[in-house]
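# Geometric and topological summary
Listed below, chain by chain, are the residues.
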There are 2 protein chains.
Amino acid sequence: MSNRKGTEAERELIHLFWSQPPWVAIRVAGSGSMKYPSPDIIAGTRGRLLVIECKISRSDPIYLPEDEIGKLVDFGRRMGAEIYVAFRFNRSPWQFVQPHQLRWTDKNFIIERSTTGYNFNDIIRHGLL
Amino acid sequence: MSNRKGTEAERELIHLFWSQPPWVAIRVAGSGSMKYPSPDIIAGTRGRLLVIECKISRSDPIYLPEDEIGKLVDFGRRMGAEIYVAFRFNRSPWQFVQPHQLRWTDKNFIIERSTTGYNFNDIIRHGLL
C-alpha cells in the first residue's frame, strides 16, 4: 500500500467519525524525526477513546508485523484506550478487530478476506474494551 | 511564527511527555484536505486526556484568534479532554493555561509575558479539569 493510498484511507475513516457527532478523530502526524510508537488515528468522544491502526489492501492476507501491533498495543494501554486495527479489502466496508482477535502466523499477524470484524456502527455504538 | 518553528515547538513538547512514562503524546497531522477543528497535540495517560494548542513567540503578547480557541474548546469538549494552551516566550519554560484563563481584547485572546500559567510538572502531576 502506497503512502498516498494509506493517507487517503485514514482520511476516509476520519470523515466517518466526524459524520457521527459528537465523535471526533484526528490523523497522527508522520513520525518524521520522532521515533515514538503511535497509531494512525485517534478517535474519541466523552468516555470513549480509540487508537486505530489503518490497513487497506488488494491482496489477501494483510500482514501485520509483530512489532507494529506491539507498538499499537503499548501506546493504547498507556493511554487507557480501546485498541483496534481497521481494515478494508478494496471497496469492502471498513471492519475493526482488536489485537487479540488477529491470527498469528510464523512471523506476522494476519487479516484475511474471511476475517470477520466489527463494523463501524458496532464500534461507535458500543464500547468493546 | 513559521511553520517549521511551530513544528519544532510541538515536537519539543511531545518529547517532554514521552520523558515522563506512562505519558504518551502525538502531533496531530496538518489539516491538508481535512477541514475539521483539531488541536496541535493530544497527550494522555490512563485516566487523563489533554488536548493542547501550542504557541511559541518572541513578541509580546501572543494573539490567539477567537476562532482558534473556539475550535480547540469544541474539540476538547467533544473528546471529554482537559483543554490547554501551551506557550513559551523564546527560551523560557513551557507554561500551560486553560481557555477560561486567557485575557480577551477587542478581537483576540492574548497571552502576555506576564501571564502566569501552570508548569509542565503541574500539568502531569495533577488534573486541573
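Quick note: structure is the one above.
As a starting point, this report considers the structure included with it. (Residues numbered from 1 in each chain as written. Chains lettered and ligands numbered in written order. Predicted model: local features only at pLDDT ≥ 70, side-chain atom pairs only at ≥ 80, totals over all residues. Heavy atoms only, no water.)

## Quick look at the overall build of chain A
Formally: Only DSSP runs of H or I with at least four residues qualify as helices, and only runs of E with at least two residues qualify as strands; both kinds are numbered from the N terminus onward. For a compact globule the rule gives 2.2 Å times the number of residues to the power 0.38, and the radius of gyration it is set against comes from C-alpha atoms. Residue burial is assigned from relative accessible area. The probe radius is 1.4 Å, only protein chains are included, and a residue is buried under 20% of its type maximum, exposed over 50%, and partly exposed in between. Note on definitions: a residue-residue contact is assigned when non-hydrogen atoms from the two residues lie within 4.5 Å.
A tally of regular secondary structure across chain A gives 3 helices and 9 strands. The N-to-C order of helical and strand elements in chain A reads α-β-β-β-β-α-β-β-β-β-β-α. Taken against the 2.2 N^0.38 rule, which gives 14 Å for 129 residues, the C-alpha radius of gyration of chain A at 14 Å falls within 12% of a compact globule. The principal-axis extents of the C-alpha atoms in chain A amount to approximately 40 × 35 × 30 Å. Expressed as a percentage of the 129 residues in chain A, the buried residues total 53%. Residue pairs in contact within chain A that sit at least 24 positions apart in sequence constitute 55% of those at least 6 positions apart.

## Re the sheet that holds strand β9 (residues 118-119) of chain B
All names here are of chain B. Stated precisely, the cut-off is as follows: At least two bridges found by DSSP between two strands are what make those strands a pair. Fitting a line to C-alpha atoms yields each axis, with helices limited to the stretch in contact; the angle taken between N-to-C directions then spans 0 to 180 degrees.
One open sheet holds the 6 strands; their spatial order is β1-β2-β3-β5-β6-β9, and the pairing between them is mixed. Of all the strands in the sheet, just β1 (24-27) and β9 have a single pairing partner and so form its edges. Across 4 bridges, the pairing between β1 and strand β2 (residues 41-45) is antiparallel. Following the sheet pairing, Arg 27 is matched in β2 by Ile 41. Its contacts with the sheet put helix α1 (residues 3-18) on β1, β2, β3 (48-57), β5 (82-89) and β6 (95-97), and the angle it makes with β1 is roughly 165°.

## A word on the relation of the copies chain A and chain B
Put simply, the rule reads: Here the copies are superposed with least squares, the fitted atoms being C-alpha atoms of residues at a pLDDT of at least 70 in both.
Expressed as a screw transformation, the operator carrying chain A onto chain B has a rotation angle of 180° and an axial translation of 0.0 Å, and the superposed copies differ by an RMSD of 0.0 Å. The operation mapping one copy onto its partner corresponds to a two-fold rotation axis. Among all residues of chain A, the minimum C-alpha distance to the rotation axis is found for A:Ala29, at 2.0 Å. In this assembly, 100% of the residues forming the interface of chain A have copies in chain B that are likewise at the interface, indicating an isologous arrangement.

## Overview of the sheet that holds strand β7 (residues 103-104) of chain B
All names here are of chain B. In space, the 3 strands of this open sheet follow the order β4-β8-β7, with antiparallel pairing throughout. The strands lining the two open edges of the sheet, one partner per strand, are β4 (62-65) and β7. Pairing geometry for β7 and strand β8 (residues 108-111), over 2 bridges, is antiparallel. Bridge pairing in β8 links Trp 104 to Phe 109. Docked against the sheet, helix α2 (residues 66-79) engages β4, β7 and β8, running at close to 65° with respect to β4.

## Focus on the environment of A:Trp104
Position of A:Trp104 among the secondary structure elements: in strand β7 (residues 103-104). For A:Trp104 and A:Ala43, which are 61 residues apart along the polypeptide, the C-alpha to C-alpha distance reads 27 Å.

## Describing the interface of chain A and chain B
Filter applied, for reference: Computed with a 1.4 Å rolling probe, the buried area is the accessible surface lost when two parts are put together, summed over both parts. Every case where a carboxyl oxygen of Asp or Glu lies within 4 Å of a side-chain nitrogen of Lys or Arg is listed as a salt bridge. Polar contacts, as counted here, are pairs of nitrogen or oxygen atoms within 3.5 Å of one another; within protein the pair requires one atom able to donate a hydrogen and one able to accept it, and residues that are adjacent in sequence qualify only if both atoms are side-chain atoms.
Contacts between chain A and chain B engage 29 residues on the former and 29 residues on the latter. Across the chain A/chain B interface, buried area totals approximately 2700 Å², and carbon plus sulfur atoms make up 68% of it. Ranking the residues of chain A by area buried against chain B places A:Trp18, A:Tyr36 and A:Arg78 at the top, with a combined share of 26%. Between chain A and chain B we count 0 salt bridges in total. Connecting chain A to chain B are 14 residue pairs in polar contact (both at pLDDT 80 or more). Looking at the side of chain A that touches chain B, the elements with two or more residues in it are α1 (3-18), β1 (24-27), β2 (41-45) and α2 (66-79) of chain A.

## Quick look at α2(A)
Residue and element names in this part refer to chain A. Inclusion rule: The length a helix should cover is 1.5 Å for every residue beyond the first.
Helix length check: α2, at 14 residues, gives a terminal C-alpha distance of 20 Å against a target of 20 Å (1.5 Å per residue), a fit within 8%. Buried within α2 are the following residues: Glu 68, Ile 69, Leu 72, Val 73, Phe 75, Gly 76, Arg 78 and Met 79. Just beyond α2, the residue with positive phi is Gly 80, at close to 70°.

## Things to note about the pattern of salt bridges
All names here are of chain A. By the definition in use, this model includes 14 salt bridges over all chains. Among the salt bridges present, the one from Glu 10 reaches Arg 27, with a minimum N-O distance of 3.0 Å. With Glu 10 in helix α1 and Arg 27 in strand β1, this residue pair connects regions lying 17 residues apart in the sequence. Each member of the pair, Glu 10 as well as Arg 27, carries the same accessibility label: buried.

## As for the packing of aromatic side chains
Selection criterion: Any pair of Phe, Tyr and Trp rings, taking the six-membered ring for Trp, is counted once the centres come within 6.5 Å. Such a pair is stacked with planes under 30 degrees apart, edge-to-face with planes over 60 apart, and tilted for the rest.
Per the counting criterion, the structure on display carries 16 aromatic pairs over all chains. Consider the rings of A:Phe17 and A:Trp23, whose centres lie 5.5 Å apart with planes at 45°: the pair is tilted. Taking relative accessible area as the criterion, A:Phe17 reaches 0% and is therefore assigned buried. Geometrically, the ring pair formed by A:Trp18 and B:Tyr36 is stacked, given 4.6 Å between the ring centres and 5° between the ring planes. On the criterion of chain membership, the pair formed by A:Trp18 in helix α1 and B:Tyr36 in the loop between β1 and β2 is interchain, its members lying in two chains.

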